[in-house]
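Chain and residue survey
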Amino acid sequence: MARNKVQFQKGLSEARFDELYGTEELCRAVVFCWRWPEGFICPGCGGRAHCVVKTRALYQCTTCRRQTSLIAGSIFAATKLPLRVWFRAMYHLTQSKGGISSLELGRRLGVTQTTAWKIKHKLMQVMMERDAGKRLAGRIEIDDAYIGGERTGGRRGRGAAGKIPIVAAVETTPEGKPVRIKLRRVEGFRRKALETLAKRNFAPASTIVSDGLRCFTGVSKAGCVHQPIVTGSGRKAALVPAFKWVNTTLANIKSAITGTYRAVRDKHIPRYLAEFEYRFNRRYDLAAMMPRLGYVAVRTPPMPYRLLKLAEDHA
Ligand SMILES: [Zn+2]
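Residues numbered from 1 in each chain as written. Predicted model: local features only at pLDDT ≥ 70, side-chain atom pairs only at ≥ 80, totals over all residues. Heavy atoms only, no water.

Let us look at the overall build of the protein chain. A count of helical and extended segments in the protein chain gives twelve helices and eight strands. The buried share of the protein chain, taken over its 315 residues, is 48%. Contacts in the protein chain between residues at least 24 apart in sequence constitute 63% of all its contacts with a sequence separation of at least 6. For the protein chain, the accessible surface area stands at approximately 16,000 Å², while carbon and sulfur atoms represent 54% of it. (Helix = DSSP H or I, 4+ residues; strand = E, 2+ residues; numbered from the N terminus. Buried < 20%, exposed > 50% of the residue type's maximum accessible area, 1.4 Å probe, protein only. Contact = heavy atoms within 4.5 Å. Areas by Shrake-Rupley, 256 points an atom, 1.4 Å probe, with all protein chains shown as cover.)

On to the environment of K192, then. Relative to the assigned elements, K192 resides in helix α7 (residues 191-201). As for K192 and F216, which are separated by 24 residues in sequence, their C-alpha atoms are 9.4 Å apart.

Attention now goes to the pairing of strand β6 (residues 178-185). A large share of β6 lies buried, amounting to six of its eight residues. Summarising the sheet, strand β5 (residues 164-172) and β6 pair through seven bridges and their orientation is antiparallel. Its bridge partner lying in β6, V170 is registered against I181. Hairpin remark: β5 followed by β6, antiparallel, with five residues in the connecting loop; positive phi at G176, about 95°. (Pairing = 2+ DSSP bridges.)

Quick look at the nonpolar core now. Formed by 66 residues in total, the largest nonpolar core has its most connected members in F76, F87 and M290. For M290, the contacting residues outside a window of four places in its chain are L12, F17, Y21, W34, F87, M90, Y91, T94 and Q95. In this structure, A169, V186, C215 and C224 belong to the second largest nonpolar core, which totals 18 residues. (Core = buried A, V, L, I, M, F, W, Y, C linked by side-chain atoms within 4.5 Å.)

Running from N to C, helix α4 (residues 83-95) and helix α6 (residues 113-132) point in directions that differ by 65°, and their axes come no closer than 10 Å. As for the relative orientation of α4 and α6, their crossing is right-handed in sense. Residues V85, W86, A89, M90, L93 and T94 of α4 pack against I119, K120, K122, L123, M124 and M127 of α6. Here the residues of the contact of α4 with α6 are counted per class, giving nine nonpolar, one polar and two charged. (Axes fitted to C-alpha atoms, helices over the stretch in contact; angles between N-to-C directions. Left-handed = near helix turned anticlockwise from the far one by under 90°. Nonpolar A, V, L, I, M, F, W, Y, C, P; charged D, E, K, R; others polar.)

Looking now at the coordination of the zinc ion. All of the protein donors around the zinc ion are C42 (SG), C45 (SG), C61 (SG) and C64 (SG); their distances to the metal are 2.3 to 2.4 Å. Taken together, the four donor atoms surrounding the zinc ion define angles of 100 to 114° at the centre, an arrangement classified as tetrahedral. (Donors = N, O, S within 2.8 Å, 3.2 Å for Na, K, Ca; no water. Tetrahedral: all angles 85-135°; square planar, octahedral: opposite > 155°, others 65-115°.)

With that out of the way, let us pick up unusual backbone geometry. In the Ramachandran plot, R65 falls in the positive-phi region, its phi being about 65° despite a non-glycine side chain. Mapped onto the elements of the fold, R65 is located in the loop between β2 (58-61) and β3 (67-69). Even without being glycine, A205 reaches a positive phi, approximately 75°. Assignment of secondary structure puts A205 in the loop between α7 and β7 (207-210). Judged by its relative accessible area of 56%, A205 is exposed.

Ordered by their spatial adjacency, five strands build an open sheet running β6-β5-β4-β7-β8, and the pairing between neighbours is mixed. Lying at the two open borders of the sheet, with one neighbouring strand each, are β6 and β8 (225-228). Here the strands of the sheet are splayed against their neighbours by 25° on average, with no regard to which way each runs. Sitting on the sheet, helix α10 (residues 269-281) touches β4 (139-147), β5 and β6, and the angle it makes with β6 is about 175°.

The analysis is restricted to geometry; functional conclusions fall outside its scope.
Okay, structure coming up:
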């Protein structure tokens, strides 16, 4: 069963992590390879000839004399922390199934919670940008959900106050097994919001399977084929076979988010969702998740703290 394949894979052990990324020197060498797999290229003139300014750890181009640091222009830019701290953060973020709070991350890295928060949100930003452009296609099940707020006796509280509405979309095999997910905050469960979400996140002509909630018809305006299954509401809906996987996936994500983060700021919800999405979509290759994140991090532009604090976009 697919589930077991996910749960019983080896992942990246701490011992192996230390072998690969345990020292600053190792981390620098790895970042160099991620950034310049074919050898140094000057970002100014494209020249390859260079020398290393050892005292300041800079690479100087022989042609235009421009000096480049290893992390300039990447998400690690201007950091005062050693790279091995960043590597350890990437390790914890990718290898812990339910996510890790910045408080816990700070403890493990030996940094303050504020520093851990910045590291974590920068890495979540990498995850978010990485998956933003990838659309789901084929057969997609969608469902509405709320994050946060009070639980109302186990009911799916559509319209409950204080809760943040999200849409979970799961691309499945023809048999209904989940392949990839997208989790998106929406302003509300309105047709227009669903139309926008579908345009951004689903390939045209995808088949969207949903329950009878009216707003879901909005996906047809985005060129998708809408296949509503009228189920009634509440717990009964969860028992309809077509929604089994989506409901299980959604339940796992909701419990992980509420279990790991006591309070998630509304404005940063998209980034938290991106984190879960990223891990879920790469769940079959746990061991490679960390280096893959690192590779993309080196290619993600810097994100100053003042931008990090702003709210992310809807849908
Ligand atoms: Zn140059």
